[in-house]
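As a plain string of letters, each chain reads:
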Amino acid sequence: QHPLQRYVYAISDDEVFIFTKQDNLSTGGVFGKGGTAGNVVKGCDRRSINLVPRWSGWLNELRNVSFQLLGLAATQRVLYSADMSHLYPHLVGIVCNQKNLMSMEGRHMAQFLKQFIEPLILSCPPSLYGSHLAPILGPILDHMQARLHYTWAPILGISD
């Protein structure tokens, strides 16, 4: 393992700074006095490594853009065209892969649902519900049910 690898999986300092709702941006932001740099991943001075702490933010944006492009393809009905019909099963295999879904954090799952699944549901022609919605929604809803079960089981006192 590379010592900087942990930055890829951490929430970005920029997100922490925004979530702390700091009103006074004149302090220098994330890396300034009172900034949140170094609060997420401990053990090194993040102010001296200017680009590494931003990796998670860049990857987050890359993920969101991918979801937005899929949502745009659904909204513009590209996914439903005859030219794309031979690629649609491959798309289903990727977006419904249980390993990918299980490794996705909750904050990213919310974006996935909002930016891709919702536009897919809203823009799908009724005649294609069986061929285009069912193959994606079945596994996604099964996954969401399992995710809710594992999240709420300790609170509800349910043991597996």
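Throughout what follows, the structure given in this document is the object of discussion. (Residues numbered from 1 in each chain as written. Predicted model: local features only at pLDDT ≥ 70, side-chain atom pairs only at ≥ 80, totals over all residues. Heavy atoms only, no water.)

1. A short note on helix α7 (residues 129-156)
Here is the rule: Each helix is a run of H or I in the DSSP string that is no shorter than four residues. Each strand is a run of E no shorter than two, and both are numbered from the N terminus. For a helix, the expected span equals 1.5 Å multiplied by the residue count minus one. The bend at a residue is defined as the angle formed between two axes, one fitted to the seven residues ending at that residue and one fitted to the seven starting there. Here, two residues are considered to be in contact whenever any of their heavy atoms come within 4.5 Å of each other.
Here α7 spans only 35 Å end to end across 28 residues, well under the 40 Å set by a 1.5 Å rise per residue. In α7, a bend of some 30° at Tyr 150 exceeds every other bend along the element, and Pro 154, a proline, comes one to four places later. Contacts made by the buried residues of α7 are with α4 (88-95), α5 (98-103) and α6 (106-123). Looking at the residues trailing α7, positive phi occurs at Gly 157, about 75°.

2. A short note on the pattern of salt bridges
For side chains of opposite charge, pairing can occur when their charged atoms come near one another. Here is the rule: For this document, the term salt bridge refers to a Lys or Arg side-chain nitrogen within 4 Å of an Asp or Glu carboxyl oxygen. Three labels apply to residues, based on accessible area from a 1.4 Å probe with only protein chains included: buried if under 20% of the type maximum, exposed if over 50%, partly exposed otherwise in between.
Enumeration over the complete set of coordinates arrives at two salt bridges. The partner of Arg 107 in a salt bridge is Glu 105, and the shortest N-O contact between them spans 2.8 Å. In this structure Arg 107 comes out as partly exposed when scored by relative accessible area, which is 29%. With its nearest N and O atoms 3.2 Å apart, the salt bridge here joins Lys 114 to Glu 118. With Lys 114 and Glu 118 both in helix α6 and four residues apart, the pair spans about one turn of that helix. Here Glu 118 falls in the partly exposed class, since its relative accessible area comes to 33%.

3. Topic: the packing of aromatic side chains
Heads up, the rule is: Pairing of aromatic rings covers Phe, Tyr and Trp, the last through its six-membered ring, and needs centres within 6.5 Å; plane angles under 30 degrees mean stacked, over 60 mean edge-to-face, and all others mean tilted.
Scanning the entire structure with this criterion turns up two aromatic pairs. Both rings, one in Phe 67 and one in Phe 112, keep their centres 5.3 Å apart while their planes meet at 65°; by these two values the pair is edge-to-face. You can see Phe 67 sitting in helix α3 (residues 55-75) and its partner Phe 112 sitting in helix α6, a full 45 residues away along the chain. Phe 112 carries the same exposure label as Phe 67, and that label is buried. Taken together, a centroid distance of 5.9 Å and an interplanar angle of 45° make the contact between Phe 112 and Phe 116 tilted. Here Phe 112 pairs with Phe 116, and both are found in helix α6, just four residues apart, close to one helical turn. Assigned by exposure class, Phe 112 and Phe 116 land together as buried.

From the geometry alone we can't say anything about function, so treat these as descriptive.
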